[in-house]
Amino acid sequence: MPDYEVINNEQQQQFEVHAEGEVAILVYRFYKHDIALMHTEVPPKLEGKGIASVLAKHALEWAKAHKKKVMVYCPFVASYLKRHPEYNEVVDKSFS
């Protein structure tokens, strides 16, 4: 699997992976002191390459590095967290 570079597009409030002329995104918003992970979009051409997981991991690592708690709205990120409990510490427990 290739290494994908994740770009934080702060203006659009989304993490992005550019590959094969397409852009996969994980949209976020800031709420109070948290970061809300809204939804992940991967174009059909890029599906099945692990890009959504790369975006989820990057977003969770970003939250950890910036001492932000995560509010999860995105179903993909929620399923990623079930497979990667090491990130439970960054999830806002008061949000459900």
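Residues numbered from 1 in each chain as written. Predicted model: local features only at pLDDT ≥ 70, side-chain atom pairs only at ≥ 80, totals over all residues. Heavy atoms only, no water.

**Student:** Quick question: what am I supposed to make of the overall build of the protein chain here?
**Tutor:** Of regular secondary structure, the protein chain possesses two helices and five strands. Counting from the amino terminus, helix and strand elements in the protein chain follow one another as β-β-β-β-α-β-α. Scaling as 2.2 N^0.38, a compact globule of 96 residues should have a C-alpha radius of gyration of about 12 Å, and the protein chain matches this with 13 Å. Along the first, second and third principal axes, the C-alpha atoms of the protein chain reach 40 × 30 × 20 Å. Expressed as a percentage of its 96 residues, the buried residues of the protein chain come to 40%. A sequence separation of at least 24 residues applies to 42% of the contacts in the protein chain between residues at least 6 apart. Here the protein chain displays about 5900 Å² of accessible surface, and carbon together with sulfur accounts for 52% of that area. Across the protein chain, the 12 positively charged side chains and the 13 negatively charged ones have centroids separated by 7 Å. (Helix = DSSP H or I, 4+ residues; strand = E, 2+ residues; numbered from the N terminus. Rg over C-alpha atoms; globule rule 2.2 N^0.38 Å. Buried < 20%, exposed > 50% of the residue type's maximum accessible area, 1.4 Å probe, protein only. Contact = heavy atoms within 4.5 Å. Areas by Shrake-Rupley, 256 points an atom, 1.4 Å probe, with all protein chains shown as cover. Lys, Arg positive; Asp, Glu negative; His and termini not counted. Charge placed at Lys NZ, Arg CZ, Asp CG, Glu CD.)

**Student:** Sorry, what's going on with the pattern of salt bridges here?
**Tutor:** Oppositely charged side chains can pair when the atoms bearing their charge come close. Under the definition given, this model contains one salt bridge. A salt bridge links glutamate 20 to lysine 49; its shortest N-O distance comes to 2.5 Å. Of this pair, glutamate 20 sits in the loop between strand E2 (14-19) and strand E3 (22-31) while lysine 49 sits in the loop between strand E4 (34-41) and helix H1 (51-65); the two residues are 29 residues apart in sequence, bridging distant segments of the chain. Among the residues examined, glutamate 20 registers a relative accessible area of 41% and is labelled partly exposed. A residue is classified by how much of its surface remains accessible, and lysine 49, at 27% relative accessible area, is partly exposed. (Salt bridge = Lys/Arg side-chain N within 4 Å of Asp/Glu carboxyl O.)

**Student:** Mind showing me how you'd approach the nonpolar core here?
**Tutor:** One broad trend across soluble globular proteins is that nonpolar side chains are buried collectively. Phe15, Ile35, Leu37, Leu55, Leu60, Val70 and Val77 are the most contacted members of the largest nonpolar core, which has 27 residues in total. Elements with a contribution of two residues or more to this core: E2, E3, E4, H1, strand E5 (69-72) and helix H2 (75-83). With seven residues, H1 is the single largest residue contributor to this core. Discounting chain neighbours no more than four positions away, the residues touching leucine 37 are Leu26, Val27, Tyr28, Ala59, Leu60, Val70, Met71, Val72, Tyr73, Cys74 and Val77. (Core = buried A, V, L, I, M, F, W, Y, C linked by side-chain atoms within 4.5 Å.)

**Student:** What am I meant to see in the sheet that holds strand E1 (residues 6-9) here?
**Tutor:** Strands in a sheet are paired, the pairing made by backbone hydrogen bonds, and the direction either parallel or antiparallel. Taken in spatial order, the five strands line up as E1-E2-E3-E4-E5 in an open sheet, and their pairing is mixed. Looking along the sheet, the strands with just one partner apiece sit at the ends: E1 and E5. Geometrically, the sheet is characterised by an average inter-axis angle of 30 degrees between neighbouring strands, direction not taken into account. Strand direction decides the pairing type here: E1 and E2, joined by four bridges, are antiparallel. Bridging across to E2, asparagine 8 finds its partner in phenylalanine 15. (Pairing = 2+ DSSP bridges. Axes fitted to C-alpha atoms, helices over the stretch in contact; angles between N-to-C directions.)

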